[in-house]
Number of protein chains: 2
Amino acid sequence: MSLLPPQITKAIEEFSKLPGIGPKSAERLTFHLLRSSKASPEGLGNALINVKNELKYCTTCQMVTLQEQCSICVDTTRDHSQVLVVENPLDVVAFEKTSYKGAYHVLHGVLSPIDGMGPEQLKMKELFDRCRAGGVSEVIVATNPDVEGEATASYIRQQLTGNVASVTRLAHGLPMGADIEFADQTTLKEALAGRRSL
Amino acid sequence: MSLLPPQITKAIEEFSKLPGIGPKSAERLTFHLLRSSKASPEGLGNALINVKNELKYCTTCQMVTLQEQCSICVDTTRDHSQVLVVENPLDVVAFEKTSYKGAYHVLHGVLSPIDGMGPEQLKMKELFDRCRAGGVSEVIVATNPDVEGEATASYIRQQLTGNVASVTRLAHGLPMGADIEFADQTTLKEALAGRRSL
């Protein structure tokens, strides 16, 4: 690679640090940017440098925002006694497409000791303080249904017992439109265990 | 998406312009950079802004370089009468891993009218001027074996007829380690047509 100028190898190296982008894709992306008329290295570069500019985390729910509080937390028409706990800001965007009208709390990750993610690296303290301050009647844990998400959910339930009337978890089961034939074993087990009367 | 601050949507938008990165991947990459300890938006951002800094194109072969001429073109031990024409700088890196000891010419793309890539958008004039100036006995066209690559090869052969003693094309056929059972029809046809005596 010594044939390539160092600033190009540096860009390739930085791209390679991204999830799902290997050295070959990183090379392709770098040269695409050098050549493309639509995208440009400066365009993406400046966007990335500005990405944290004026970026704040809502003092209540930790959602990314430009103000002290996000538009959801200042909305008095919503039910702030219900708090939906999610892993990241995009989960809030996803739930906002449903008819959910409560509040949120963004953890900015999940417990994952192997990646060095403990409760201190997440917005756990903020969640517990918020619940202990009162006014929250239900905490709905909406972490992903995987090992880390389940562990995070258990941890939250454990910490909040006694502070909040109700700590719930999103239902697990077959997703809409799924084909039972191709559903995995764990999903089928959860779907059976969580069966409801028709 | 109006829930997300504009600088985040801007970064997502810029990522989406890259080949193979859809809106969902772009979101994932942006939030990964905001949260990751290994990669950072500033790291990639600065690398991309610097990528064109002091970057030059070799006046002879158009390879990316920091000097007026690249290290290959100034190397007097190489055979500069042989010019291997490639689509992009990474192809030079690939050929440098072989025992090829001639010179190169980087087109920075291929003819592709649908993408607005004509001879003027490529380093064609530089190639033809170089060949007409004399001293080049063989031009080996090493564009990719696809529709655009083949069209580009024909165009070069056509333009150089009479100016260069020999214009050749890389051999097409089965790649080493291939399984004939799974080879495509066109490759097999080319392999048959290009058969050599053992």
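Residues numbered from 1 in each chain as written. Chains lettered and ligands numbered in written order. Predicted model: local features only at pLDDT ≥ 70, side-chain atom pairs only at ≥ 80, totals over all residues. Heavy atoms only, no water.

1. Some thoughts on the relation of the copies chain B and chain A
You can overlay chain B on chain A at an RMSD of 0.1 Å; the transform is a turn of 180° with a shift of 0.0 Å along its axis. Such a turn and shift between the copies fits a two-fold axis. Considering only C-alpha atoms, the residue of chain B closest to the rotation axis is Gly-45 of chain B, which sits at 1.9 Å. When you check the interface residues of chain B against chain A, 100% turn up at the interface there too, and the contact is symmetric in its surfaces. (Least-squares fit on C-alpha atoms with pLDDT ≥ 70 in both. Contact = heavy atoms within 4.5 Å.)

2. Considerations on the domain arrangement of chain A
Examined at the domain level, chain A breaks down into domain 1 (6-54) and domain 2 (74-169). Between domain 1 of chain A and domain 2 of chain A, the C-alpha centre-to-centre distance is 34 Å. (Domains from an automatic or database assignment.)

3. Structural notes on the state of the cysteines
All names here are of chain B. By the definition in use, this model includes zero disulfides over all chains. Cysteine Cys-61 is unpaired, with the sulfur of Cys-70 as its nearest cysteine sulfur at 3.6 Å. Using a relative accessible area of 2% as the deciding quantity, one classes Cys-61 as buried. (Disulfide = S-S within 2.5 Å. Buried < 20%, exposed > 50% of the residue type's maximum accessible area, 1.4 Å probe, protein only.)

4. With respect to the interface of chain B and chain A
Taken together, the 56 residues of chain B in the interface contact 56 residues of chain A. With both chains or domains summed, chain B and chain A bury close to 4,900 Å², and 77% of this area falls on carbon and sulfur atoms. Broken down residue by residue, the surface that chain B buries against chain A is led by Leu-3, Gln-7 and Leu-48 of chain B, which jointly contribute 14%. Seen at the junction of chain B and chain A, the total is zero salt bridges. In this structure, the connection of chain B to chain A is made through four residue pairs in polar contact (both at pLDDT 80 or more). (Buried area = accessible area lost by both parts, 1.4 Å probe. Salt bridge = Lys/Arg side-chain N within 4 Å of Asp/Glu carboxyl O. Polar contact = N/O pair within 3.5 Å; in protein donor to acceptor, adjacent residues only side chain to side chain.)

5. Quick notes on the side chain of Glu-87 of chain B
One can find Glu-87 of chain B in the loop between β3 (79-86) and α4 (89-95). One buried charged side chain, Glu-87 of chain B, makes no salt bridge at all; its nearest oppositely charged neighbour is Arg-35 of chain A, positioned 6.0 Å away. The contacts of Glu-87 of chain B, once residues within four sequence positions are left out, are Arg-35 of chain A together with Val-106, Leu-107, His-108, Gly-109, Val-110, Thr-143, Asn-144 and Gly-149 of chain B. (Helix = DSSP H or I, 4+ residues; strand = E, 2+ residues; numbered from the N terminus. Lys, Arg positive; Asp, Glu negative; His and termini not counted.)

6. Structural notes on the environment of Val-167 of chain A
Residue and element names in this part refer to chain A. With respect to the helices and strands, Val-167 occurs in strand β6 (residues 166-169). Residue classification places Val-167 among the partly exposed positions, given a relative accessible area of 27%. For the pair Val-167 and Val-139, spaced 28 residues apart in the sequence, the C-alpha separation amounts to 4.7 Å.

7. Some details on the pattern of salt bridges
In total, this model carries 13 salt bridges over all chains according to the counting rule given. A salt bridge links Glu-14 of chain A to Lys-17 of chain A; its shortest N-O distance comes to 3.2 Å. Judged by its relative accessible area of 4%, Glu-14 of chain A is buried. By relative accessible area, Lys-17 of chain A is classed as partly exposed at 25%. Lys-24 of chain A serves as the salt-bridge partner of Glu-27 of chain A, at 3.5 Å between the closest nitrogen and oxygen. Of the two residues, Glu-27 of chain A and Lys-24 of chain A are both situated in helix α2 (residues 23-35); the distance of three residues between them amounts to about one turn of the helix. Lys-24 of chain A gets classed as exposed once you look at its relative accessible area, which sits at 63%. The network of salt bridges with common partners includes Lys-10, Glu-13, Glu-14 and Lys-17 of chain B.

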